[in-house]
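Here is how the chains run, residue by residue.
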Amino acid sequence: EDLWLQMQDDLYDGMKEEVAAQTREALGRGFSPQEVLGLGLVAGMDIVGVDFRDGVLFVPEVLMAANAMKAGMEILRPLLVETGAARIGTMVIGTVKGDIHDIGKNLVAMMMEGAGFEVINLGINNDADKFLEAIKQHQPDIIGMSALLTTTMPYMKVVIDALGEEGLRDTVYVMVGGAPVTETFAKAVGADAYGRDAAVAVELAKAFMN
Ligand code: B1M
């Protein structure tokens, strides 16, 4: 489908308005928000990731691509969030300290909202105290941590240990995710679940609520 190729290309080139326009166009043609997300936006960002890794693209270009992706996500957001699902639980979610990647985390947050969770999104670069404060304030059922760097994912353990020290570990389920995170890593740091992607994250979160 030409539309997806065009969308991926424009995302790669950081063309925000175009990506937004194509997102609307794809929805207008009857594609579901999930299809637009997967075949257009995420597929485009995958290509960016490869070229970033290979030194073809640099931070400024990747940042523009990320902003283009966010423009598309903003259009999908109301569709993903407002499904009319009944409230089933509360989640606090954030990217861990030292890490400013937020696209995947925001996607998880949106899909959780769509599934009926109240989501408190702490944003990026959260230290353990931020998570602890949010837990005390919101008493969530689940806390979710995202990390995209091999250098920041160990911080998940710092947060989980801090929960233990505060006597809060048994009050919440802990879910971790992000590109470098694995099931094995999740177990090793004492998390309750590993969300491979946003859809899996939602399924696991729902299972906790049963
Ligand atoms: Co960064 N970056 N980046 N970057 N960046 C990666 C992660 C990298 C893999 C690229 C590469 O080299 N191939 C690499 C990490 C290498 C490593 O650690 N092994 C990397 C690097 C090195 C860096 C910098 C250090 C570069 C530099 O400065 N020299 C720097 C670090 C900054 C920092 O955080 N301190 C940096 C900066 C940036 C930008 C700012 C330019 C930008 C981020 C913009 C933003 O987020 N607002 C950026 C981007 C965009 C990427 C790539 C290209 C794309 C990430 C993304 O948004 N993917 C990325 C390449 C890659 O991942 N292959 C890369 C789309 C998103 C939908 O997927 O986030 O994986 P993802 O989320 C998925 C799942 O992982 C899961 O669900 C999501 C949806 O299915 N998931 C969860 C995520 N969180 C979850 C939480 C859950 C459950 C599931 O439960 C709580």
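Preceding this paragraph is the structure being described.
All of the points below concern the structure found in this document.

The rules behind the values
Residues numbered from 1 in each chain as written. Predicted model: local features only at pLDDT ≥ 70, side-chain atom pairs only at ≥ 80, totals over all residues. Heavy atoms only, no water. Near = heavy atom within 4 Å. Polar contact = N/O pair within 3.5 Å; in protein donor to acceptor, adjacent residues only side chain to side chain. Helix = DSSP H or I, 4+ residues; strand = E, 2+ residues; numbered from the N terminus. Nonpolar A, V, L, I, M, F, W, Y, C, P; charged D, E, K, R; others polar. Pairing = 2+ DSSP bridges. Axes fitted to C-alpha atoms, helices over the stretch in contact; angles between N-to-C directions. Parallel < 35°, antiparallel > 145°, perpendicular 65-115°, else oblique. Left-handed = near helix turned anticlockwise from the far one by under 90°. Contact = heavy atoms within 4.5 Å. Core = buried A, V, L, I, M, F, W, Y, C linked by side-chain atoms within 4.5 Å. Buried < 20%, exposed > 50% of the residue type's maximum accessible area, 1.4 Å probe, protein only. Phe/Tyr/Trp six-rings, centres within 6.5 Å; stacked < 30°, edge-to-face > 60°.

**Things to note about the site of the ligand**
Now for step 1: In the vicinity of the ligand there are 34 residues, among which Ile100, His101, Asp102, Ser146 and Thr150 approach most closely.
Now for step 2: Ser146 places a side-chain nitrogen or oxygen 2.8 Å from a nitrogen atom of the ligand.
Now for step 3: Mapped onto the shell around the ligand, the elements with two or more residues apiece are helix H3 (33-53), helix H4 (59-81), helix H5 (103-114), strand S3 (142-146), strand S4 (173-177) and helix H9 (198-208).
Now for step 4: The dominant element in the shell around the ligand, judged by the number of residues it contributes, is H4, at 5 residues.
Now for step 5: In the shell around the ligand, the residues fall into 18 nonpolar, 10 polar and 6 charged.

**Focus on the sheet that holds S4**
Now for step 1: Taken together, the 5 strands give an open sheet; going across it, the order is S2-S1-S3-S4-S5, and neighbouring strands pair in parallel fashion. In this open sheet, the two edge strands, each paired with only one partner strand, are strand S2 (117-121) and strand S5 (193-195). Ignoring strand direction, the axes of neighbouring strands in this sheet form an average angle of 25°.
Now for step 2: Of the strand pairs in this sheet, S4 and S5 are connected by 3 bridges, and their pairing is parallel. Among the inter-strand pairings, Val176 is bridged to a residue of S5, identified as Tyr194.

**Considering the packing of helix H2 (residues 16-28) against H3**
Each packed pair of helices is defined by two parameters, the angle between the axes and the distance between the axes.
Now for step 1: Between H2 and H3, whose axes approach to 10 Å, the crossing angle comes to 135°. The angle between H2 and H3 falls in the class oblique. Like other packed secondary-structure pairs, H2 and H3 cross with a definite hand, here right-handed. For the pair H2 and H3, the contacting residues are Val19, Thr23, Ala26 and Leu27 in the first and Pro33, Val36 and Leu41 in the second.
Now for step 2: Taken together, the residues of the contact of H2 with H3 sort by class into 6 nonpolar, 1 polar and no charged.

**Examining the nonpolar core**
Now for step 1: Ranked by size, the top nonpolar core spans 41 residues in total, and within it Leu11, Leu41, Met45, Met73, Met112 and Met175 carry the most contacts.
Now for step 2: Every element with two or more residues in this core is listed here: helix H1 (2-12), H2, H3, H4, strand S1 (89-95), H5, S2 and H9.
Now for step 3: At 9 residues, H4 tops the list of elements feeding residues into this core.
Now for step 4: In this structure Leu41 touches Met7, Leu11, Val19, Thr23, Val36, Met69, Gly72, Met73 and Leu76, once residues within four positions along its chain are discounted.
Now for step 5: In this structure, Val92, Val189, Ala191 and Tyr194 belong to the second largest nonpolar core, which totals 28 residues.

**Re unusual backbone geometry**
Now for step 1: Although it is not a glycine, Asn125 adopts a positive phi angle of roughly 55°.
Now for step 2: Checked against the element boundaries, Asn125 lands in the loop between S2 and helix H6 (128-138).
Now for step 3: A relative accessible area of 39% means that Asn125 is categorised as partly exposed.
Now for step 4: A positive phi angle, close to 45°, is found at Gln139, a residue other than glycine.
Now for step 5: The exposed category is assigned to Gln139, whose relative accessible area is 65%.

**Let's talk about the packing of H4 against H5**
Now for step 1: Across the interface, H4 lies against H5 with an axial gap of 10 Å and an inter-helix angle of 5°. For the element pair H4 / H5, the angle class is roughly parallel. On the side of H4, the interface is formed by Ala66, Met69, Lys70, Met73, Arg77, Leu80 and Val81, while H5 contributes Ile103, Asn106, Leu107, Met110, Met111, Glu113 and Gly114.
Now for step 2: Of the residues assigned to the contact of H4 with H5, the class counts are 9 nonpolar, 2 polar and 3 charged.

**As for the packing of aromatic side chains**
Now for step 1: Here the structure, examined in full by the defined rule, presents 2 aromatic pairs.
Now for step 2: Their ring planes at 65° and their centres at 4.8 Å tell us that Trp4 and Phe31 sit as a pair that is edge-to-face. With a gap of 27 residues between them, Trp4 in helix H1 and Phe31 in the loop between H2 and H3 connect regions that are remote in the sequence.
Now for step 3: Judged by its relative accessible area of 8%, Trp4 falls in the buried class.
Now for step 4: Arranged with centres 4.0 Å apart and planes meeting at 5°, the rings of Tyr173 and Phe208 form a pair that is stacked. Taken together, the residues span a long stretch of sequence, with Tyr173 in strand S4 and Phe208 in helix H9 at a distance of 35 residues.

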